[in-house]
Amino acid sequence: MEPTDHNLRAWDEVHRRRAESLEPGLPPPVRHALADLKGKRVLTLQSGTGESAAQLADLGATVTGVDNSTEALAASRERWPRILWIEGDVQSLPRELRRGRFDLVYAGWNVDEVHDLDGWAAGIASALSAGGDLLMFDEHPAAKSVDGLMHWREDYFGEDKHLPNWRLGQIVTAVARAGLVVRALEEYPEQPGNPRHHDARVPGTFLLHARRP
Ligand SMILES: C[S@@+](CC[C@H](N)C(=O)[O-])C[C@H]1O[C@@H](n2cnc3c(N)ncnc32)[C@H](O)[C@@H]1O
(Lines give C-alpha, C1' and ligand atoms only; values in the text may rest on other atoms or scores of the structure.)
Protein backbone atom coordinates (compact mmCIF):
# COMPACT_ATOMS: atom_id res chain seq x y z
CA MET A 1 0.00 0.00 0.00
CA GLU A 2 1.41 3.41 -0.97
CA PRO A 3 1.27 5.88 1.93
CA THR A 4 -0.96 8.88 1.32
CA ASP A 5 0.27 12.36 2.17
CA HIS A 6 -2.21 12.32 5.00
CA ASN A 7 -0.74 9.10 6.42
CA LEU A 8 2.79 10.40 6.06
CA ARG A 9 1.89 13.62 7.87
CA ALA A 10 0.12 11.68 10.62
CA TRP A 11 3.14 9.41 11.01
CA ASP A 12 5.57 12.36 11.17
CA GLU A 13 3.34 14.04 13.73
CA VAL A 14 3.20 10.95 15.96
CA HIS A 15 6.97 10.63 15.83
CA ARG A 16 7.59 14.32 16.39
CA ARG A 17 5.40 14.20 19.49
CA ARG A 18 7.09 11.04 20.71
CA ALA A 19 10.58 12.53 20.17
CA GLU A 20 9.56 15.66 22.08
CA SER A 21 8.16 13.64 24.96
CA LEU A 22 11.25 11.46 25.42
CA GLU A 23 13.18 12.10 28.57
CA PRO A 24 16.66 13.10 27.44
CA GLY A 25 19.43 10.77 28.58
CA LEU A 26 19.77 7.08 29.31
CA PRO A 27 16.51 5.20 29.95
CA PRO A 28 16.36 3.37 33.34
CA PRO A 29 16.81 -0.17 31.88
CA VAL A 30 19.99 1.00 30.15
CA ARG A 31 21.36 2.59 33.30
CA HIS A 32 20.55 -0.60 35.16
CA ALA A 33 22.36 -2.74 32.56
CA LEU A 34 25.54 -0.69 32.61
CA ALA A 35 28.48 -1.71 34.73
CA ASP A 36 31.35 0.58 35.69
CA LEU A 37 32.57 2.28 32.54
CA LYS A 38 35.89 3.60 33.85
CA GLY A 39 38.50 3.31 31.13
CA LYS A 40 35.98 2.06 28.55
CA ARG A 41 35.66 3.52 25.07
CA VAL A 42 32.04 4.12 24.17
CA LEU A 43 30.41 5.16 20.90
CA THR A 44 26.93 6.73 21.02
CA LEU A 45 25.02 6.42 17.76
CA GLN A 46 22.74 9.25 16.62
CA SER A 47 23.78 11.17 19.67
CA GLY A 48 21.11 13.84 19.13
CA THR A 49 21.23 16.55 21.78
CA GLY A 50 24.02 14.67 23.58
CA GLU A 51 22.55 13.89 27.02
CA SER A 52 23.06 10.12 26.78
CA ALA A 53 26.66 10.55 25.69
CA ALA A 54 27.24 12.97 28.58
CA GLN A 55 25.78 10.47 31.08
CA LEU A 56 28.00 7.71 29.71
CA ALA A 57 30.98 10.04 30.17
CA ASP A 58 29.83 10.68 33.77
CA LEU A 59 30.07 6.92 34.34
CA GLY A 60 33.77 7.12 33.53
CA ALA A 61 33.81 6.27 29.82
CA THR A 62 35.74 8.00 27.07
CA VAL A 63 32.86 8.83 24.76
CA THR A 64 32.50 9.56 21.06
CA GLY A 65 29.14 10.69 19.70
CA VAL A 66 28.13 10.44 16.06
CA ASP A 67 25.19 12.20 14.43
CA ASN A 68 24.42 13.48 10.94
CA SER A 69 23.11 16.85 12.11
CA THR A 70 25.69 19.65 12.07
CA GLU A 71 23.46 21.74 14.35
CA ALA A 72 22.98 18.99 16.94
CA LEU A 73 26.72 18.35 16.99
CA ALA A 74 27.57 22.03 17.35
CA ALA A 75 25.21 22.32 20.33
CA SER A 76 26.62 19.15 21.94
CA ARG A 77 30.19 20.28 21.35
CA GLU A 78 29.49 23.54 23.11
CA ARG A 79 27.91 21.85 26.13
CA TRP A 80 30.33 18.93 26.45
CA PRO A 81 33.67 19.86 24.86
CA ARG A 82 35.45 16.87 26.38
CA ILE A 83 33.40 14.41 24.33
CA LEU A 84 34.49 13.79 20.74
CA TRP A 85 31.59 14.65 18.40
CA ILE A 86 31.79 13.34 14.86
CA GLU A 87 29.51 14.04 11.92
CA GLY A 88 28.51 10.90 10.08
CA ASP A 89 25.75 8.64 8.86
CA VAL A 90 25.17 5.57 11.00
CA GLN A 91 24.37 3.52 7.91
CA SER A 92 27.89 4.03 6.57
CA LEU A 93 29.95 5.03 9.57
CA PRO A 94 33.03 7.19 8.95
CA ARG A 95 36.18 5.13 8.50
CA GLU A 96 37.79 6.36 11.73
CA LEU A 97 34.95 4.79 13.71
CA ARG A 98 35.23 1.41 12.00
CA ARG A 99 38.50 0.38 13.54
CA GLY A 100 37.26 -2.10 16.12
CA ARG A 101 38.26 0.00 19.10
CA PHE A 102 35.05 0.55 21.09
CA ASP A 103 34.16 -1.49 24.17
CA LEU A 104 30.51 -0.42 23.96
CA VAL A 105 28.22 0.95 21.26
CA TYR A 106 25.04 2.54 22.61
CA ALA A 107 22.14 2.93 20.18
CA GLY A 108 19.20 4.67 21.88
CA TRP A 109 16.03 5.83 20.12
CA ASN A 110 17.63 5.36 16.71
CA VAL A 111 15.88 2.77 14.65
CA ASP A 112 13.10 4.96 13.23
CA GLU A 113 15.67 6.84 11.22
CA VAL A 114 17.61 3.85 9.92
CA HIS A 115 16.75 2.93 6.34
CA ASP A 116 19.59 0.46 5.77
CA LEU A 117 19.49 -1.93 8.70
CA ASP A 118 22.32 -4.14 7.42
CA GLY A 119 24.60 -1.12 6.89
CA TRP A 120 23.78 0.08 10.38
CA ALA A 121 24.50 -3.33 11.98
CA ALA A 122 27.71 -3.83 9.97
CA GLY A 123 28.93 -0.41 11.14
CA ILE A 124 28.29 -1.35 14.78
CA ALA A 125 30.15 -4.65 14.36
CA SER A 126 33.14 -2.90 12.77
CA ALA A 127 33.26 -0.27 15.53
CA LEU A 128 33.34 -2.85 18.33
CA SER A 129 36.47 -4.52 19.64
CA ALA A 130 36.44 -8.30 20.21
CA GLY A 131 34.32 -8.83 23.31
CA GLY A 132 32.71 -5.41 22.90
CA ASP A 133 29.00 -4.90 23.56
CA LEU A 134 26.08 -3.37 21.73
CA LEU A 135 23.27 -1.98 23.88
CA MET A 136 20.25 -0.92 21.90
CA PHE A 137 17.15 0.61 23.47
CA ASP A 138 14.16 1.69 21.41
CA GLU A 139 10.43 1.78 21.04
CA HIS A 140 9.05 -1.73 20.56
CA PRO A 141 8.00 -2.12 16.90
CA ALA A 142 4.64 -3.57 18.01
CA ALA A 143 3.88 -0.33 19.89
CA LYS A 144 3.91 1.50 16.58
CA SER A 145 0.97 -0.59 15.38
CA VAL A 146 -1.39 0.69 18.07
CA ASP A 147 -2.93 4.14 18.33
CA GLY A 148 -3.20 6.38 21.39
CA LEU A 149 -6.16 4.37 22.68
CA MET A 150 -4.24 1.12 22.32
CA HIS A 151 -6.34 -0.04 19.38
CA TRP A 152 -4.42 -2.09 16.87
CA ARG A 153 -4.32 0.15 13.76
CA GLU A 154 -1.36 -0.77 11.58
CA ASP A 155 -0.17 -3.88 9.80
CA TYR A 156 2.84 -5.09 11.79
CA PHE A 157 3.97 -7.09 8.77
CA GLY A 158 3.23 -4.32 6.25
CA GLU A 159 6.23 -3.42 4.10
CA ASP A 160 6.47 0.25 3.36
CA LYS A 161 9.64 1.65 1.84
CA HIS A 162 8.76 5.22 2.79
CA LEU A 163 8.19 4.52 6.47
CA PRO A 164 10.75 2.15 7.92
CA ASN A 165 9.08 0.30 10.74
CA TRP A 166 11.48 -2.54 11.33
CA ARG A 167 10.04 -5.56 13.04
CA LEU A 168 11.81 -6.86 16.12
CA GLY A 169 12.79 -9.98 14.14
CA GLN A 170 14.39 -7.89 11.40
CA ILE A 171 16.42 -5.87 13.90
CA VAL A 172 17.71 -8.91 15.79
CA THR A 173 18.41 -10.78 12.54
CA ALA A 174 20.41 -7.84 11.13
CA VAL A 175 22.50 -7.74 14.32
CA ALA A 176 23.11 -11.52 14.13
CA ARG A 177 23.92 -11.31 10.40
CA ALA A 178 26.59 -8.71 11.18
CA GLY A 179 28.31 -11.35 13.32
CA LEU A 180 27.23 -10.25 16.81
CA VAL A 181 26.00 -12.76 19.36
CA VAL A 182 22.71 -11.92 21.02
CA ARG A 183 23.02 -12.12 24.81
CA ALA A 184 19.63 -10.76 25.87
CA LEU A 185 16.46 -9.25 24.48
CA GLU A 186 14.21 -7.68 27.10
CA GLU A 187 10.77 -6.20 26.42
CA TYR A 188 9.04 -3.65 28.65
CA PRO A 189 5.46 -2.40 28.80
CA GLU A 190 6.32 1.30 29.18
CA GLN A 191 5.53 3.29 26.10
CA PRO A 192 7.20 6.69 26.24
CA GLY A 193 5.06 9.62 25.23
CA ASN A 194 1.85 7.79 25.99
CA PRO A 195 1.65 7.56 29.78
CA ARG A 196 -2.10 8.22 30.07
CA HIS A 197 -3.30 5.53 27.74
CA HIS A 198 -0.59 3.11 28.64
CA ASP A 199 -1.78 -0.50 28.46
CA ALA A 200 0.65 -2.90 30.07
CA ARG A 201 -0.53 -5.74 27.82
CA VAL A 202 1.15 -4.07 24.86
CA PRO A 203 4.96 -4.07 24.59
CA GLY A 204 6.32 -0.53 24.68
CA THR A 205 10.11 -0.64 24.54
CA PHE A 206 12.93 -3.16 24.25
CA LEU A 207 16.57 -3.56 25.19
CA LEU A 208 18.88 -5.66 23.03
CA HIS A 209 22.30 -6.72 24.26
CA ALA A 210 24.68 -8.31 21.75
CA ARG A 211 28.42 -8.94 21.81
CA ARG A 212 31.13 -9.11 19.20
CA PRO A 213 32.89 -12.48 19.63
C1 LIG B 1 15.80 10.74 18.73
S2 LIG B 1 17.38 11.45 18.42
C3 LIG B 1 18.52 10.35 19.20
C4 LIG B 1 18.47 10.35 20.69
C5 LIG B 1 19.74 9.86 21.36
N6 LIG B 1 20.36 8.74 20.72
C7 LIG B 1 19.48 9.54 22.81
O8 LIG B 1 19.86 8.48 23.27
O9 LIG B 1 18.92 10.39 23.51
C10 LIG B 1 17.66 11.08 16.73
C11 LIG B 1 18.97 11.66 16.17
O12 LIG B 1 19.37 10.89 15.04
C13 LIG B 1 20.04 11.72 14.12
N14 LIG B 1 20.05 10.99 12.84
C15 LIG B 1 19.01 10.72 12.03
N16 LIG B 1 19.37 9.97 10.98
C17 LIG B 1 20.71 9.75 11.12
C18 LIG B 1 21.68 9.04 10.35
N19 LIG B 1 21.35 8.39 9.25
N20 LIG B 1 22.95 9.01 10.81
C21 LIG B 1 23.29 9.66 11.94
N22 LIG B 1 22.43 10.35 12.71
C23 LIG B 1 21.16 10.39 12.30
C24 LIG B 1 19.27 13.02 14.17
O25 LIG B 1 20.08 14.11 13.81
C26 LIG B 1 18.89 13.09 15.68
O27 LIG B 1 19.86 13.87 16.35
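Above this text you will find the structure in question.
Thresholds applied
Residues numbered from 1 in each chain as written. Predicted model: local features only at pLDDT ≥ 70, side-chain atom pairs only at ≥ 80, totals over all residues. Heavy atoms only, no water. Pairing = 2+ DSSP bridges. Helix = DSSP H or I, 4+ residues; strand = E, 2+ residues; numbered from the N terminus. Axes fitted to C-alpha atoms, helices over the stretch in contact; angles between N-to-C directions. Contact = heavy atoms within 4.5 Å. Near = heavy atom within 4 Å. Polar contact = N/O pair within 3.5 Å; in protein donor to acceptor, adjacent residues only side chain to side chain. Areas by Shrake-Rupley, 256 points an atom, 1.4 Å probe, with all protein chains shown as cover. Nonpolar A, V, L, I, M, F, W, Y, C, P; charged D, E, K, R; others polar. Buried < 20%, exposed > 50% of the residue type's maximum accessible area, 1.4 Å probe, protein only. Salt bridge = Lys/Arg side-chain N within 4 Å of Asp/Glu carboxyl O. Phe/Tyr/Trp six-rings, centres within 6.5 Å; stacked < 30°, edge-to-face > 60°.

Asks: Describe in detail the sheet that holds strand E5 (residues 128-139), supporting the description with residues and values.
Replies: By definition, the strands of a sheet pair up through backbone hydrogen bonds, in either a parallel or an antiparallel sense. Overall, mixed pairing links the 7 strands, which are arranged E3-E2-E1-E4-E5-E7-E6 in an open sheet. Taken across any chain shown, the strands that pair with only one partner, and hence form the sheet edges, are strand E3 (84-87) and strand E6 (181-188). Recorded for the sheet is a direction-independent mean angle of 15° between the axes of neighbouring strands. With 5 bridges joining them, strand E1 (residues 41-45) and strand E2 (residues 62-67) adopt parallel strand pairing. Looking across to E2, one finds that leucine 45 is bridged to valine 66. Strand contacts of helix H4 (residues 70-79): E2 and E3, with the helix running at about 170° to E3, the strand carrying the most contacts.

Asks: Describe in detail the site of the ligand, supporting the description with residues and values.
Replies: Close contacts around the ligand come from 17 residues, with Gln46, Ser52, Asp67, Val90 and Gly108 the closest. Within the side chain of serine 52, an N or O atom sits 2.9 Å from an oxygen atom of the ligand. Here valine 90 contributes a backbone N or O atom positioned 3.0 Å from a nitrogen atom of the ligand. Computed on the free molecule, the ligand has an accessible area of 610 Å², of which 83% lies beneath the protein chains in the complex. Of the residues contributing to the shell around the ligand, the split by class is 4 nonpolar, 10 polar and 3 charged.

Asks: Explain the side chain of aspartate 112 to me, and be specific about the residues and the numbers.
Replies: By secondary structure assignment, the location of aspartate 112 is in the loop between strand E4 (102-108) and helix H5 (117-127). Judged by relative accessible area, which is 17%, aspartate 112 ranks as buried. Reaching out from aspartate 112, the side chain makes a polar contact with the side chain of lysine 144 at a distance of 2.9 Å.

Asks: How would you sum up the pattern of salt bridges? Please name residues and give values.
Replies: Tallying each qualifying case throughout the model produces 7 salt bridges. Its salt-bridge partner being arginine 79, residue glutamate 51 comes within 3.3 Å of it at the nearest N-O pair. Here glutamate 51 is found in helix H3 (residues 51-58), whereas its partner arginine 79 is found in helix H4, with 28 residues between them in sequence. On the accessibility criterion, glutamate 51 (17% relative accessible area) is buried.

Asks: Go over the packing of aromatic side chains, please, and point to the residues and values.
Replies: Taken as a whole and judged by the stated rule, the model has 4 aromatic pairs. A centroid spacing of 6.3 Å and a plane angle of 35° characterise the contact between phenylalanine 137 and tyrosine 188, whose relative ring orientation is tilted. Of this pair, phenylalanine 137 sits in strand E5 while tyrosine 188 sits in strand E6, and the two are 51 residues apart along the sequence. Both residues of the pair, phenylalanine 137 and tyrosine 188, count as buried. Measuring from ring centre to ring centre gives 5.2 Å for tyrosine 156 and phenylalanine 157, while their planes differ by 90°; the resulting arrangement is edge-to-face.

Asks: Now, about unusual backbone geometry: what can you tell me, with residues and values included?
Replies: For glutamine 46, which is not glycine, the phi torsion reads 45° and is therefore positive. Looking at the element boundaries, glutamine 46 is found in the loop between E1 and H3. Relative accessible area serves as the criterion here: at 17%, glutamine 46 is assigned to the buried category. Located in the positive-phi region is tryptophan 109, a residue other than glycine, with phi close to 50°. Within the element layout of this structure, tryptophan 109 appears in the loop between E4 and H5.

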